[in-house]
Amino acid sequence: MFDQISARYDLLNRLLSLGLDKNWRTELKYYLPGGSNLKLLDLATGTGDVLLPLIKSPAIATGQGIYISQNMLKIAQRKITAAGLESQVTVSEGDAARIPFENEQFDVVTISFGIRNTESPQKVLSEIFRVLKKNGRALILEFSMPANPIMKTLAVFYLRAIVPLIGGLISGNAEAYRYLNRTIEQFPSGESFGDLMGEAGFRIVRFNPLTYGIATIYQGTK
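Now for a quick tour of the structure. (Residues numbered from 1 in each chain as written. Predicted model: local features only at pLDDT ≥ 70, side-chain atom pairs only at ≥ 80, totals over all residues. Heavy atoms only, no water.)

**Things to note about the overall build of the protein chain**
Across its full length, the protein chain carries 8 helices and 7 strands. The 222 residues of the protein chain split such that 51% are buried. In the protein chain, of all internal contacts separated by at least 6 residues, the share reaching a separation of at least 24 is 72%. By element, 54% of the accessible surface of the protein chain is carried by carbon and sulfur atoms, the whole surface being about 10600 Å². (Helix = DSSP H or I, 4+ residues; strand = E, 2+ residues; numbered from the N terminus. Buried < 20%, exposed > 50% of the residue type's maximum accessible area, 1.4 Å probe, protein only. Contact = heavy atoms within 4.5 Å. Areas by Shrake-Rupley, 256 points an atom, 1.4 Å probe, with all protein chains shown as cover.)

Shown next, in the form of structure tokens:
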């Protein structure tokens, strides 16, 4: 599905989020762990919209991204090359549920708007925990349902009616954007997702709602 919509993926992210998704991804830099010369792994890296802003942080030395969609990775690689970051950033094919790296390799692992699309979020969390170094940090950016009833009603209407319409017209694949609202509405958020992180072994689990709770940054320390 993501191979099919890759050509319009970035454009639709900007349009459908009214530009907010770019700000949310950039916000992750404020949650990076302390220290310097950090090694970053970005799961479900897509077109590199997390890797590229985070690699600009002075704390990050190298960034690695993995994803299962080859078409999306091609776009990410073009962005990396255009930015002259080949020596710091690499992307390759890989599954977040079977991370192709040895234990305790990374200081920080990120995944943005991807964990809800996996068959087993708990398996992904366990894999993130495995590849993190001791005291390393997981940062997970994901859509969520607002706690405020009015905002939740508006969010559900937008996801069910507007997103498939615009997404279908521009990408030619309305089903991909009907899929979006189903996964967002059904996926655990807030404390419920924080509990899943705790079950995977993470400590000091926190969650920070963004833009009235339509997205959330979760963090957990190994």
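**Notes on the packing of aromatic side chains**
Under the criterion given, the structure shown has 8 aromatic pairs. Centroid distance phenylalanine 187 to phenylalanine 193: 5.6 Å. Interplanar angle 40°. Geometry classified as tilted. Take phenylalanine 187 and phenylalanine 193: they sit in the same class, and that class is buried. Seen in terms of ring centroids, phenylalanine 207 and tyrosine 218 are 6.3 Å apart; in terms of plane orientation they differ by 35°. Their pairing is tilted. Here tyrosine 218 lies in strand E7 (residues 215–221) and phenylalanine 207 lies in strand E6 (residues 203–210), a separation of 11 residues in the sequence. Cluster of aromatic residues (ring-pair linked, three or more members): Phe187, Phe193, Phe207 and Tyr218. Positioned above the aromatic ring of phenylalanine 129, the side-chain terminus of lysine 222 is 5.0 Å from the ring centre. (Phe/Tyr/Trp six-rings, centres within 6.5 Å; stacked < 30°, edge-to-face > 60°. Lys NZ or Arg CZ within 6 Å of the ring centre and 35° of its normal.)

**Comments concerning the nonpolar core**
With 28 residues, the main nonpolar core has Leu28, Ile60 and Leu141 as its most contacted residues. Looking at this core, the elements that each hand over two or more residues are strand E1 (38–43), helix H3 (51–54), strand E2 (60–67), helix H4 (70–82), strand E3 (89–93), strand E5 (132–143) and E7. Each residue touching leucine 141, except ones within four places of it in the same chain, is listed here: Trp24, Arg25, Leu28, Ile111, Ser112, Phe113, Leu210, Ala215, Thr216 and Ile217. (Core = buried A, V, L, I, M, F, W, Y, C linked by side-chain atoms within 4.5 Å.)

**Here we look at the pairing of E5**
Both strand E4 (residues 106–112) and E5 contribute to a ladder of 6 bridges, which runs parallel. Counterpart to valine 109 in the pairing with E5 is alanine 138. (Pairing = 2+ DSSP bridges.)

**Observations concerning the pattern of salt bridges**
Counted according to the given criterion, the structure contains 8 salt bridges. In this structure, aspartate 21 and arginine 25 form a salt bridge, with 3.3 Å as the shortest nitrogen-oxygen distance. With aspartate 21 and arginine 25 both in helix H2 (residues 20–27) and 4 residues apart, the pair spans about one turn of that helix. The residues aspartate 21 and arginine 25 share a single accessibility class, namely buried. Lysine 79 is paired through a salt bridge with aspartate 49; the nearest N and O atoms lie 2.8 Å apart. In this pair, lysine 79 sits in helix H4 while aspartate 49 sits in the loop between E1 and H3, placing the two residues 30 residues apart along the sequence. By relative accessible area, aspartate 49 is classed as buried at 15%. (Salt bridge = Lys/Arg side-chain N within 4 Å of Asp/Glu carboxyl O.)

**Description of the sheet that holds E3**
The strand order across the open sheet formed by 7 strands is E3-E2-E1-E4-E5-E7-E6, and the pairing between neighbours is mixed. Each of the sheet's edge strands pairs with one partner strand only, and the pair in question is E3 and E6. Pairs of neighbouring strands in the sheet enclose a mean axial angle of 15°, with direction left out of account. Against the sheet, H4 makes contact with E2 and E3, and its axis sits at roughly 170° relative to E3, the strand it touches most. In the packing of helix H5 (residues 121–131) onto the sheet, the strands contacted are E1, E4 and E5, and the crossing angle to E5 comes to about 145°. (Axes fitted to C-alpha atoms, helices over the stretch in contact; angles between N-to-C directions.)

**Looking at H2**
Listed as buried for H2 are Asp21, Trp24 and Arg25. What you see down the axis of H2 is that its buried residues fit within an arc of 95°, all on one side. (Arc of directions from axis to C-beta.)

**Let's talk about helix H8 (residues 191–199)**
For H8, the complete set of buried residues consists of Phe193, Gly194, Leu196 and Met197. For H8, the angular spread of the buried residues around the axis is 155°, confining them to a single face. Of the residues in H8, the exposed ones pointing more than 90 degrees away from the buried face are Glu191 and Glu199. The inward-facing, buried residues of H8 abut H5, E5, E6 and E7. Glycine 201 occupies a position one or two residues after H8 and carries a positive phi of about 115°.

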